[in-house]
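Breakdown of the fold
If you want the building blocks of each chain, they are given just below.
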Amino acid sequence: MTHWGNLSINEKGHLILGGCDAIDLAARFGTPLYVMEEDTIRGVCRGYVRAINGYPGGGKALFAGKAFLITAMCKIIESEGLGLDVVSGGELYVAMNAGFDLKNVYLHGNNKTPEDLRMAVKAGIGRIVIDSANEIGLLAGIAKELGRIQDVSVRIKPGIEAHTHEYIKTGQVDSKFGFGIGDGQGMRAVRDILAQPSLSLIGLHCHIGSQIFELQPFRDAVDVMLNYMLKVEQETGFVFSEINFGGGYGIHYTAEDAPLRPDEYVKTMLDELTALCNKKGVTPPFFVIEPGRSIVGEAGTTLYTVGDIKTIPDIRTYVSVDGSMADNPRPALYQAVYTCALAGKMDAPEETVVSIAGRTCESGDMLIWNAKLPETQAGDVLAVFSTGAYNYSMASNYNKLPHPAVVLVKDGRAELMVKRQSYDDLIKNDVIPSWL
Ligand code: LLP
């Protein structure tokens, strides 16, 4: 296996995660197991905070909760000075329950329900990012009824094509998210929001896509957004005081992936923004970003136990593990490619090429095709890297597989952040209609 970083390996040839022996973690907490390295998460957060410090307009990073939102994560990101982006009443509930400062929470969504909006306004959420014409009147009515003036942003489609998977592109014109620029819908939304006394328009928002490696789309986003801000000022006299660029910074899933350091994307955007503001004689707007994947992705490793091994002569060897597309749907959904290793045989030569199969009843439930591994046996612990983002948060109970536990590791300590689901958890909401 070729990894992109320096993996820690102990004298037994075992993989070390956050100072803990991965084989011990598997034995102590069971598998499948999501393991999150705290130092990695904090390191990325600090990189973002450092990159934004010093920008004359000020700014902040919000963690995009959709990547991995649990109560303990709220504690980590709040202690690093980050805010939070949520997309549903459920995500907002996690933040509220964690005692997160709701002034630093932004609510997104292309179809927020009236209940989501009411909950958010009542809770005193920092921003609601308006995504559709219908939402303007709906939200204004709710805020008025509750006697509040709600701070809002407006989401536009900057029309930028970023090179990433079709399903995770969001900034192009043909998208369900946000208002168009060229068709005048954005400008109409701005005027409609300004006409609502219960809404206070603050920010302009965009998100161009996810798992993007190149710098240029982010530079382009800065240009498009600043020019749009000036156009709005020209046409309506209104000046946005904040621009939010969403997330999208790419991470390593394989050694071939070539992302920059997360904060380098931000530095490039801020240099571009500062230069443009100077050129146009504009006060630099407050700068907001919403990275999700880059904060938690590489911090996560999933540990599985190898079970059945099936060799089809001259074709392929299937190594089945005790997890599946239920704990990591990304290979099936986006053809995502992952890197793996045998956690107890890190020093052994990689002599075989095998394919890692999930345990659900789906032929498409393959976690990794053609992985190079040492001689593999039932009982080996398989580590799949970079599973910290969009794995736990997208997990399902398909085939009634319980969600794995999530463990936080740091300096040789390991503690649960989420308990493994039990079979009772799987049926606790089942009810039997009276006629049965
Ligand atoms: N802000 C907004 C408005 C977003 O829609 C997203 C992601 C983010 C921030 C965070 O983007 P990130 O930094 O994580 O790239 N499930 C897919 C990814 C979907 C991303 C949706 N929006 C995956 O597993 O690749």
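Definitions and limits used
- Residues numbered from 1 in each chain as written.
- Predicted model: local features only at pLDDT ≥ 70, side-chain atom pairs only at ≥ 80, totals over all residues.
- Heavy atoms only, no water.
- Helix = DSSP H or I, 4+ residues; strand = E, 2+ residues; numbered from the N terminus.
- Buried < 20%, exposed > 50% of the residue type's maximum accessible area, 1.4 Å probe, protein only.
- Pairing = 2+ DSSP bridges.
- Axes fitted to C-alpha atoms, helices over the stretch in contact; angles between N-to-C directions.
- Expected span 1.5 Å × (residues − 1).
- Near = heavy atom within 4 Å.
- Polar contact = N/O pair within 3.5 Å; in protein donor to acceptor, adjacent residues only side chain to side chain.
- Areas by Shrake-Rupley, 256 points an atom, 1.4 Å probe, with all protein chains shown as cover.
- Parallel < 35°, antiparallel > 145°, perpendicular 65-115°, else oblique.
- Left-handed = near helix turned anticlockwise from the far one by under 90°.
- Contact = heavy atoms within 4.5 Å.
- 1 Å grid on protein atoms, 1.4 Å probe; cavity = no way out; pocket = protein on both sides within 12 Å on 5 of 7 lines; lining within 4 Å.
- Points joined across faces, edges and corners; volume = space filled by probe spheres on them.
- Nonpolar A, V, L, I, M, F, W, Y, C, P; charged D, E, K, R; others polar.
- Right-handed = clockwise from strand over helix to strand, strands pointing away.

Along the chain, Thr31 connects to Pro32 via a cis peptide bond; the corresponding omega equals -5°. In this structure, Pro32 sits in the loop between helix H1 (22-29) and strand S4 (33-37). The phi angle at Asp314 is positive, at roughly 65°, despite the residue not being glycine. With respect to the secondary-structure elements, Asp314 resides in the loop between strand S13 (300-312) and strand S14 (316-321). A positive phi angle, close to 60°, is found at Ser386, a residue other than glycine. Of note, Ser386 is situated in the loop between strand S18 (381-385) and strand S19 (405-410). By relative accessible area, Ser386 is classed as buried at 1%.

Taken in spatial order, the three strands of this open sheet run S1-S2-S3, and their pairing is antiparallel. In this open sheet, the two strands that pair with only one neighbour each are strand S1 (8-9) and strand S3 (20-21). Both strand S2 (residues 15-17) and S3 contribute to a ladder of two bridges, which runs antiparallel. The partner of Ile16 across the bridge, within S3, is Asp21.

Time to look at the sheet that holds strand S8 (residues 127-130). Judged by pairing direction, the barrel is parallel, and its eight strands sit side by side in the order S5-S6-S7-S8-S9-S10-S11-S12 before closing back on the first. When strand polarity is set aside, the average angle formed by the axes of neighbouring strands in this sheet is 30°. For strand S6 (residues 83-86) and strand S7 (residues 105-107), the ladder comprises three bridges, and the chain directions are parallel. The residue of S7 that forms the bridge with Asp85 is Tyr106.

So, on to helix H2 (residues 38-52). Taking 1.5 Å as the rise per residue, H2 with 15 residues should run 21 Å; its terminal C-alpha atoms sit 22 Å apart, in good agreement. Buried within H2 are the following residues: Glu38, Ile41, Arg42, Val44, Cys45, Gly47, Tyr48, Ala51 and Ile52.

What follows deals with the site of the ligand. Around the ligand, 19 residues are found, and the nearest of them are Ser210, Glu290, Arg330, Tyr334 and Tyr390. At 3.3 Å, a side-chain N or O of Lys66 approaches an oxygen atom of the ligand. Tyr334 places a polar side-chain atom, nitrogen or oxygen, 2.7 Å from a nitrogen atom of the ligand. Protein contact buries 92% of the 590 Å² of open area that the ligand shows by itself.

In contact at an axis separation of 10 Å, helix H5 (residues 114-123) and helix H6 (residues 133-145) are set at 45° when each is read in the N-to-C sense. When the axes of H5 and H6 are compared, the pair comes out oblique. As for how H5 packs across H6, the hand of that crossing is right-handed. On H6, the residues touching Pro114, Leu117, Arg118 and Val121 of H5 are Glu135, Leu138, Leu139, Ile142, Ala143 and Glu145.

Attention shifts here to the side chain of Asn391. Its place among the elements puts Asn391 in the loop between S18 and S19. Its relative accessible area of 0% is what places Asn391 among the buried residues. A polar contact is formed between the side chain of Asn391 and the side chain of Tyr338, at a distance of 3.4 Å. With residues near it in sequence (within four places) discarded, Asn391 still touches Tyr34, Asp327, Asn328, Pro329, Arg330 and Tyr338.

With that out of the way, let us pick up the layout of surface pockets. To find the voids left in a structure, one rolls a probe of water-molecule size over its atoms. One number sums up the size of the second largest pocket: a volume of about 500 Å³. Lining the second largest pocket are 27 residues, with His3, Trp4, Gly5, Thr40 and Glu298 positioned closest to its centre. Contributions of two or more residues to the lining of the second largest pocket are made by S2, H2, helix H10 (293-296) and S13. Here the lining of the second largest pocket gets three residues from one element, more than from any other, and that element is S2. Tallied by class, residues from the lining of the second largest pocket come to 13 nonpolar, 11 polar and three charged.

On to the pairing of strand S12 (residues 286-289). Two strands pair when backbone bridges link them, and strand S5 (residues 59-64) and S12 are joined in this way by three bridges, in the parallel orientation. Along S12, the bridge assignment pairs Lys60 with Val288. Two elements, strand S11 (residues 242-244) and S12, share three bridges in a ladder whose sense is parallel. Bridge assignment links Ile243 to a residue of S12, and that residue is Phe287. For the handedness criterion, the β-α-β arrangement of S11, helix H9 (residues 262-280) and S12 is classed as right-handed.

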